[in-house]
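# Descriptive analysis of the structure
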Amino acid sequence: MDEVKRRIEFLREEIHRHNRLYYLEQSPEVSDAEYDRLFQELKDLEGSHPELIATDSPTQRVGAEPQEKFASVEHVVPMLSLDNGFAEEDVIEFESRIKRFLKTEEKINYMVEPKIDGVAVELIYESGELKQASTRGNGYVGEDITRNIRTILTVPYTLTERPETPFPDRLEVRGEVYMQLDEFAGLNQERESKGLPVFANPRNVASGSLRQLDARVTATRRLTIFCYAVARPEALGVKTQYELFKYLRLWGLRANPDAAVCESIPDVLAFYRDLDQRRHELAYEVDGLVIKVNPISLQTRLGATTRNPRWALAFKFAPAQEFTVVRSIEVQVGRTGALTPVAIMAPVQVGGVTVQRATLHNEDEVKRKDVRVGDTVLLQRAGDVIPEVVEVVKERRPETAVPFSMPLNCPVCDSEVVRLPDESAHRCPNATCPAQTKGHIIHFMSKNALDIAGGPKLVDLLVDRGLINDPSDLFFLQPEELSSLPHMGEKSAANFLESLEDSKDTTLVRFIYGLGIRHVGVHLARVLAERFGVFEALLEAVAEELEEIGEVGPKCAGSIISFVNNPRNRDLLNRLTSPEIGLILKAPARRTGETPLADKTVVLTGGLTRMTREEARVRIQSAGGRVAGSVSKNTDLVVVGENPGKKLQKAGELGLEVISEEEFLAMLKE
Ligand code: IVH
């Protein structure tokens with residue numbers, strides 16, 4: 001028995017070593033046949049001694065038993081997306097913006113990396129062991145895809161530790177899972193020969209494969225990964241993005257060899273042009289270049305907006321374009337009542353994806369481009385960006401084509417359409433318009449909201465049959481009502497009811513987001529939930545209180561106030577929060593403790609000399625604090641610069657703690 005155990009351990013280590021040599025160092029020591037033999041021997045031994053199977057055995061890469069659904073995973077540090085640039089001027093402006101923000105004229109160097117068109121993931125290693133993997137999701141909450149990630153050969157189960165590159169107890173690595181072009185071609189060939197539908201592009205395969213509930217399917221797909229970031233690089237002690245790549249590689253993680261350091265923006269632009277030339281020779285699909293400020297200290301100082309880090313830019317390659325013909329222009333009514341014209345076109349392949357609809361946004365946009373039914377148009381699609389009509393080929397316009405105009409009445413409820421003077425959208429003013437009702441319910445059920453199974457078709461049916469009128473009605477649906485619907489058997493009805501039941505144990509963030517208040521997206525929902533903790537407190541908030549929260553502007557505050565004070569909404573909120581439904585709205589965990597400004601509200605007044613206001617705001621936020629625009633009894637700290645204004649006087653009257661810019665800097669250093 002001991003001998004078997006020893007042999008198994010030996011085989012595991014050997015296979016692990018060969019994987020590394022093959023995939024990471026690209027210098028295999030054994031033939032494929034020899035490798036397969038070792039692998040088969042291990043599988044056989046484990047087969048006859050199942051008690052000796054360990055979760056970290058290489059044989060486990062074939063995938064575990066199917067699961068019912070993916071659990072949610074909260075990202076401790078949000079996974080942001082990147083700001084996009086499309087022309088060289090955008091890159092030049094990117095550097096100017098950075099220099100203005102940092103108040104510096106000094107030279108900055110950059111790390112440039114191909115932008116991989118795959119799926120962003122986070123890998124969590126604890127004491128060097130792979131513990132969890134998740135998708136980006138909405139940036140804050142993703143899906144637990146650990147079992148699927150564990151099938152990817154280039155994701156190590158255990159990191160290699162060396163004295164010169166120690167890893168922290170908990171390491172959050174970010175990267176892109178993708179499929180190589182040769183694997184993609186092979187997969188599609190195989191599918192074609194079996195009469196199965198082929199995949200549109202490698203990105204879709206990667207994303208579809210990672211979302212398989214049966215990890216055994218993922219295992220057959222031969223995905224791989226490039227890692228490019230960790231959640232808190234400053235805590236690791238690495239000085240540059242370049243050095244981070246070195247660490248990643250020494251730990252045994254794959255980092256893109258086609259990355260480089262550029263000493264200046266002209267060098268960056270030269271690298272971009274070169275990459276654009278040779279992108280078709282690469283083993284993977286790229287949709288641009290990611291430019292990152294190389295020194296980590298500058299990255300930290302620059303911080304992030306609510307959406308993107310300020311220290312990085314995705315410089316996209318020119319998007320794929322194709323010609324097609326507009327067959328009709330449909331007008332859709334959204335959840336806010338806004339009417340959106342949509343071009344319905346003859347289906348056409350653009351950059352590997354079939355496109356037949358493109359939003360035309362609003363009437364002004366249609367007029368500006370002068371899109372008419374029957375027109376030939378140039379359509380473009382850039383990687384992850386939605387398809388858009390670039391221009392009309394006027395020479396090919398049929399004589400009969402008439403200019404588009406917005407309908408005078410709502411295409412759904414026939415109410416007279418209005419257009420407010422300061423808005424680009426036409427709106428249906430009827431709050432009970434079925435389109436709005438449906439839109440609200442669909443939004444409430446969506447992934448980032450209560451995450452209730454069931455799509456627009458089901459909601460259409462339920463509303464059209466008068467079974468529901470608002471989101472609260474969902475929770476009172478009866479099994480018989482559901483199973484009497486077309487295409488809905490007893491089983492599907494039961495599943496839907498179960499999903500409704502499950503959705504009740506939710507978070508305050510999801511609930512606030514799900515209400516669909518204008519200007520309140522996922523990010524603001526989180527800000528509000530963190531600030532108020534319980535829903536009742538938000539209901540009672542007054543405009544000033546809301547505006548004190550740094551990220552809530554007057555427009556947004558106004559929208560929240562008018563939403564909660566609207567009698568119909570009040571009714572709905574009362575029903576939704578009633579004990580009969582029994583929603584559980586968990587408050588977000590607060591970041592407390594250690595950080596010097598944890599939970600403190602800080603007000604800045606007067607001119608700062610050592611940093612810009614924007615930088616001060618970022619630094620306060622990363623120290624756990626909030627920045628408020630005005631002084632009140634809720635203020636914890638006032639920082640005074642040169643020539644302070646009325647705020648200082650008010651702080652004095654209220655007896656608040658007031659410190660200078662120097663003291664403030666010293667405090668942040670703590
Ligand atoms: S860095 C905080 N580097 O692009 C910055 N992203 O539009 C994190 N991507 O969500 C991103 N290649 O999925 C970075 N070399 C690269 C990348 C890359 C592809 C993806 C990633 C991200 C998206 C942003």
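Here is a short report on the structure shown in this document. Numbering of residues starts from 1 in every chain and runs along the sequence as written. Only residues with pLDDT of 70 or above have their local features reported here, since the model is predicted, and side-chain atom pairs are shown and tallied only from 80 upward, although totals for entire chains, interfaces and linings are computed over all residues. To get the side-chain values, take all heavy atoms of the structure and skip hydrogens and water.

### With respect to the overall build of the protein chain
A helix here means a DSSP run of H or I that spans at least four residues, while a strand means a run of E at least two residues long, and both kinds are numbered starting from the N terminus. Helix and strand counts for the protein chain come out as 25 helices and 23 strands. For the radius of gyration, the atoms used are the C-alpha atoms, and the globule rule reads 2.2 Å times the number of residues raised to 0.38. Taking 26 Å as the expected radius of gyration for a compact globule of 670 residues, we find that the protein chain reaches 28 Å, a close match to that expectation. Think of it in three bands: residues with accessible area under 20% of the maximum for their type are buried, residues over 50% are exposed, and the middle band is partly exposed, with areas taken using a 1.4 Å probe on protein chains only. Residue burial in the protein chain is summarised as follows: out of 670 residues, 48% are buried. By sequence separation, contacts in the protein chain at least 24 residues apart represent 67% of the contacts at least 6 residues apart. Only the protein chains shown count as cover for residues, with accessible areas throughout obtained via the Shrake-Rupley method and a probe of 1.4 Å. Working note: accessible area of the protein chain is about 33100 Å², and carbon and sulfur atoms make up 50% of it. Positive: Lys, Arg. Negative: Asp, Glu. His and the chain ends are not part of the count. To locate a charge, the coordinates of NZ of Lys, CZ of Arg, CG of Asp or CD of Glu are taken. Averaging the locations of the 84 positively and 103 negatively charged side chains of the protein chain gives two centres separated by 2 Å. Residue contacts follow a heavy-atom distance rule, with two residues in contact if any of their heavy atoms lie within 4.5 Å.

### Focus on the sheet that holds strand β8 (residues 224–230)
Spatially, four strands are ordered β5-β4-β7-β8 in an open sheet, and the strand pairing comes out antiparallel. On the outer flanks of this sheet lie β5 (129–135) and β8, each paired with one strand and no other. Looking at each pair of strands side by side, their axes are set apart by 35° on average, direction ignored. Alignment of strand β4 (residues 119–126) against strand β7 (residues 170–178), held across eight bridges, turns out to be antiparallel. Here, a strand pair is defined by DSSP locating no fewer than two bridges between the strands. What counts as an axis is a line fitted to C-alpha atoms, over the stretch in contact for a helix, and the angles between N-to-C directions run from 0 to 180 degrees.

### Focus: the pattern of salt bridges
What counts as a salt bridge is simple: a side-chain nitrogen of Lys or Arg found within 4 Å of a carboxyl oxygen of Asp or Glu. Under the criterion given, the structure shown has 44 salt bridges. Here E46 makes a salt bridge to R12, at a shortest N to O gap of 2.7 Å. Here the residue E46 occupies a position in helix α2 (residues 32–48), and R12 occupies one in helix α1 (residues 2–24), the gap between them amounting to 34 residues. Taken individually, E46 and R12 each receive the classification buried, so the pair is uniform in this respect. Among the charged side chains, a network of salt bridges with common partners joins R7, E34, R37 and E41.

### Some thoughts on the site of the ligand
A single heavy atom is enough: if one lies within 4 Å of a molecule or strand, its residue is considered near that molecule or strand. Taken together, the neighbourhood of the ligand is formed by L82, E113, P114, K115, I116, A120, R136, E176, Y228, V290, K292 and P309. In the model, an oxygen atom of the ligand is placed 3.4 Å from a nitrogen or oxygen of the Y228 side chain. Out of a free accessible area of 530 Å², the ligand has 88% covered by protein chains. For the shell around the ligand, the elements supplying multiple residues, two or more each, are β3 (110–116) and β10 (286–293). No other element matches β3, which puts four residues into the shell around the ligand. Each residue receives one of three labels: charged for Asp, Glu, Lys and Arg, nonpolar for Ala, Val, Leu, Ile, Met, Phe, Trp, Tyr, Cys and Pro, and polar for the others, Gly being one of them. Of the residues belonging to the shell around the ligand, the class tally is seven nonpolar, no polar and five charged. For the purposes of these results, a polar contact is taken to be a pair of N or O atoms within 3.5 Å, where, inside protein, one atom must be able to donate a hydrogen and its partner to accept one; residues adjacent in sequence count only when each atom of the pair is a side-chain atom.

### Topic: the sheet that holds strand β20 (residues 601–605)
In space, the four strands of this open sheet follow the order β21-β20-β22-β23, with parallel pairing throughout. If you trace the sheet from one side to the other, it starts and ends with β21 (626–628) and β23 (657–660), each paired once. Within this sheet the neighbouring strands show an average axis-to-axis angle of 35°, counted without direction. Across four bridges, the pairing between strand β22 (residues 637–640) and β23 is parallel. Each bridged residue has a counterpart across the sheet, and for V640 the counterpart in β23 is S660. Across the sheet, helix α25 (residues 661–669) touches β22 and β23, and the angle it forms with β23 is around 95°.

### Considerations on the side chain of H75
Tracing the chain through its elements places H75 in the loop between β1 (72–74) and β2 (84–85). When its relative accessible area of 4% is taken as the criterion, H75 is described as buried. A polar contact of 3.0 Å, which involves the side chain of H75, links it to the backbone oxygen of T135.

### So, α2
Each residue after the first adds 1.5 Å to the expected span of a helix. When the terminal C-alpha atoms of α2 are compared, their 24 Å separation across 17 residues agrees well with the 24 Å that a helix rising 1.5 Å per residue should span. Listed as buried for α2 are Y35, L38, F39, L42, L45 and E46. An end-on view of α2 places all buried positions within 125° of arc, on one side of the element. Of the residues in α2, the exposed ones pointing more than 90 degrees away from the buried face are A33 and G47. An arc is given here, and it is the one of the directions from the helix axis to the C-beta atoms.

### A word on unusual backbone geometry
Notably, K103 is not glycine yet its phi reads approximately 50°, a positive angle. Secondary-structure assignment places K103 in the loop between α3 (88–102) and β3. A relative accessible area of 49% means that K103 is categorised as partly exposed. Its identity as a non-glycine residue notwithstanding, R222 has a phi of 50°, on the positive side. For R222, the location among the structural elements is in the loop between α7 (215–219) and β8. R222 gets classed as exposed once you look at its relative accessible area, which sits at 53%.

### Description of the packing of aromatic side chains
Aromatic pairs are defined between Phe, Tyr and Trp rings, using the six-membered ring for Trp, whenever the two ring centres lie within 6.5 Å; interplanar angles under 30 degrees are classed as stacked, those over 60 as edge-to-face, and all others as tilted. Applying the stated criterion to the full structure yields 10 aromatic pairs. Centroid distance Y247 to W251: 5.7 Å. Interplanar angle 90°. Geometry classified as edge-to-face. A residue pair is termed a helical-turn pair when its members lie 3 or 4 positions apart in one helix, as Y247 and W251 do in helix α9 (residues 241–251) at four residues. Overall, the relative accessible area of 0% leaves W251 in the buried class.

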